[in-house]
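Reading the structure
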Amino acid sequence: QAATPLHPIAVQCQEAQMVVTVHRDLFGTGRMVKAADLTLGLDACLPVAQNAAESMVTFVAGLHECGSTLQITPDSLIYKTSLSYKPTPSGNLIIVRTNAAVIPIECHYPRKSNVSSNAIRPTWVPFRSTLSVEERLMFSLRLMNDDWSTERLSNGFQLGESLHLQADVASGGHVSLRLFVDDCVATLSPDRNSSPRYALIDLSGCLVDGRSDDTTSAFISPRLRQETLQFVVDAFKFAGDDRNLIYITCHLKVSPADQAPNPLNKACSFNKASSLWDPVEGTGDICSCCETGNCPLYG
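Residues numbered from 1 in each chain as written. Predicted model: local features only at pLDDT ≥ 70, side-chain atom pairs only at ≥ 80, totals over all residues. Heavy atoms only, no water.

Keep this limit in mind: UniProt positions are given in the numbering used here, feature names are shortened, and annotations may be inferred rather than shown by experiment.
Per an unreviewed UniProt entry, the protein is named Zona pellucida sperm-binding protein 3, and its organism is Pandion haliaetus. Entered under Sequence similarities (unreviewed entry) in the UniProt record, the comment concerning the protein runs "Belongs to the ZP domain family. ZPC subfamily." UniProt annotates the protein under Function (unreviewed entry) with the comment "Component of the zona pellucida, an extracellular matrix surrounding oocytes which mediates sperm binding, induction of the acrosome reaction and prevents post-fertilization polyspermy. The zona pellucida is composed of 3 to 4 glycoproteins, ZP1, ZP2, ZP3, and ZP4. ZP3 is essential for sperm binding and zona matrix formation."

Quick notes on the overall build of the protein
Threshold: Elements are defined by DSSP. Helices are runs of H or I of four residues or more, strands are runs of E of two residues or more, and each kind is numbered from the N terminus. We call a residue buried when its accessible area falls under 20% of the maximum for its residue type, exposed when it is over 50%, and partly exposed in between, using a 1.4 Å probe and counting protein chains only. Contact criterion: two residues are considered in contact whenever any of their non-hydrogen atoms come within 4.5 Å of each other. Residue exposure ignores everything except the shown protein chains as possible cover, and the areas themselves are Shrake-Rupley values with a 1.4 Å probe.
From N to C terminus, the protein includes 2 helices and 17 strands. Looking at the protein residue by residue over its 299 residues, the buried ones come to 37%. Nonlocal contacts in the protein, meaning residues at least 24 apart in sequence, comprise 59% of its contacts between residues at least 6 apart. Of the roughly 17400 Å² of accessible surface on the protein, 53% is carried by carbon and sulfur atoms.

Examining the pairing of strand β2 (residues 17-23)
Regular strands show a simple pattern: their side chains alternate between the two faces of the sheet. Rule in force here: In this analysis, strands are considered paired if DSSP registers two or more bridges between them.
Burial within β2 is extensive, with 5 of its 7 residues counted as buried. As consecutive antiparallel partners, strand β1 (residues 9-13) and β2 are separated by 3 residues. Summarising the sheet, β2 and strand β5 (residues 56-62) pair through 7 bridges and their orientation is antiparallel. By the bridge assignment, Met18 is partnered in β5 with Ala61.

A closer look at unusual backbone geometry
Across the junction of Ser195 and Pro196, the peptide omega takes the value 5 degrees, indicating a cis bond. Within the element layout of this structure, Pro196 appears in the loop between β11 (177-187) and β12 (197-201). The peptide bond linking Ser221 to Pro222 adopts the cis configuration, its omega dihedral lying at 0 degrees. Within the secondary structure layout, Pro222 lies in the loop between β13 (218-219) and β14 (228-234). Residues other than glycine seldom take positive phi values, yet Leu203 does so here, at roughly 60 degrees. Counting through the fold element by element, Leu203 comes out in the loop between β12 and β13. For Ser204, which is not a glycine, the phi torsion comes out positive at approximately 60 degrees. With respect to the helices and strands, the residue Ser204 is situated in the loop between β12 and β13. Owing to a relative accessible area of 2%, Ser204 belongs among the buried residues under this scheme.

Concerning the state of the cysteines
Inclusion rule: Counting rule for disulfides: a pair of cysteine sulfur atoms within 2.5 Å.
This model, assessed by the stated rule, comprises 6 disulfides. Disulfide pairing is shown between Cys13 and Cys107; the S-S distance is 2.1 Å. The S-S bond linking Cys13 to Cys107 shows a torsion near -85 degrees; that makes this disulfide left-handed. Here Cys13, found in strand β1, pairs with Cys107, found in strand β8 (residues 101-110); they are 94 residues apart in sequence, far enough to count as distant. The partner cysteine of Cys206 in its disulfide is Cys290, sulfur to sulfur 2.0 Å. On the sign convention where negative is left-handed, the bridge of Cys206 and Cys290, at about -80 degrees about the S-S bond, is left-handed. Of the two residues, Cys206 sits in the loop between β12 and β13 while Cys290 sits in helix α2 (residues 288-292), which places them 84 residues apart along the sequence. Look at Cys206 and you get buried, because its relative accessible area is 0%. Here Cys290 falls in the buried class, since its relative accessible area comes to 7%. Numbered by position along the chain, the disulfide-linked cysteines of the protein connect as 1-4, 2-3, 5-7, 6-11, 8-9, 10-12.

Some details on the environment of Pro279
Tracing the backbone shows Pro279 in strand β17 (residues 276-279). Residues Pro279 and Gly205, spaced 74 residues apart in sequence, show a C-alpha to C-alpha distance of 9.4 Å. Dropping the residues within four chain positions of it, Pro279 is found in contact with Ala267, Cys268, Gly284, Ile286 and Cys287.

Concerning the pattern of salt bridges
Any two side chains of opposite charge can pair, given that their charged atoms come close. Here is the rule we go by: Here a salt bridge means any side-chain nitrogen of Lys or Arg lying within 4 Å of a carboxyl oxygen belonging to Asp or Glu.
What the rule picks out here adds up to 8 salt bridges. In this structure, the salt-bridge partner of Lys80 is Glu106, at a minimum N-O distance of 3.9 Å. With Lys80 in strand β7 (residues 76-85) and Glu106 in strand β8, the pair connects residues that are 26 residues apart, well separated along the chain. The exposure class of Glu106 is partly exposed, given its relative accessible area of 40%. Across the pair Arg142 and Asp168 runs a salt bridge whose closest N-O atoms are separated by 3.3 Å. Here Arg142, found in strand β9 (residues 138-144), pairs with Asp168, found in strand β10 (residues 162-170); they are 26 residues apart in sequence, far enough to count as distant. With a relative accessible area of 10%, Asp168 lands in the buried category. Several salt bridges converge on common partners, so that one network encompasses Arg142, Asp168 and Arg225.

Right under this line is the structure:
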């Protein structure tokens, strides 16, 4: 509300500053105080404007200026300052006719609301930052020996052998997570987009290499645990190329373990006996897009 003799002080709590308007009839007695006797905050900031006609004095100060203090509660930021009136003698230099006064002023801002670009800078750690630090997950993809007991010491294979690949995620103290392999591509260089390239897993979890007539590539079912996914791929080489080094690059992801597998989060192998796609977990319909090729893809 506007400052009036009945309410001599008005405060506007703006985005990054407060505006304090003071009616010079500070005590409602009809006797005007001098503008020079009014200051704001511990730093004794002076007014920026005074209107002699309307007997108004205006202070404008940033939320962190003029010696203001900040209090943080679970729900609010509270910026505190005070308006000080210290009368100086006038006319008769020995006496004054009004009392000194200190009027507390507070601006309250909700902590749980969105603010725009020039807003106050919070002193707590934003929830999004806390979440990203707490949920930093460690993924791994390893070549395993044939019985999956240990990591394979050699990465050399003969055609006719099988690669035993194991994807893991270390979830730490998080809620239970289920690991998926969105895609895996084989290339002759570390660049997964180089040519030639061959997709082993595609379409958000379809082991498409197993669709070929001469392979037995498949996911291992059931899983050892939700955070692990194992799959076997028959060894191969690129036709017409004599290099004996192949790079396999995979995109791994997790979903909450209590979330049912779906066309976006799935692990599907082609069953040659039934000519159908089988999921490691979930219902068979989540794999139907492996055949049609219209599976949803991650961003």
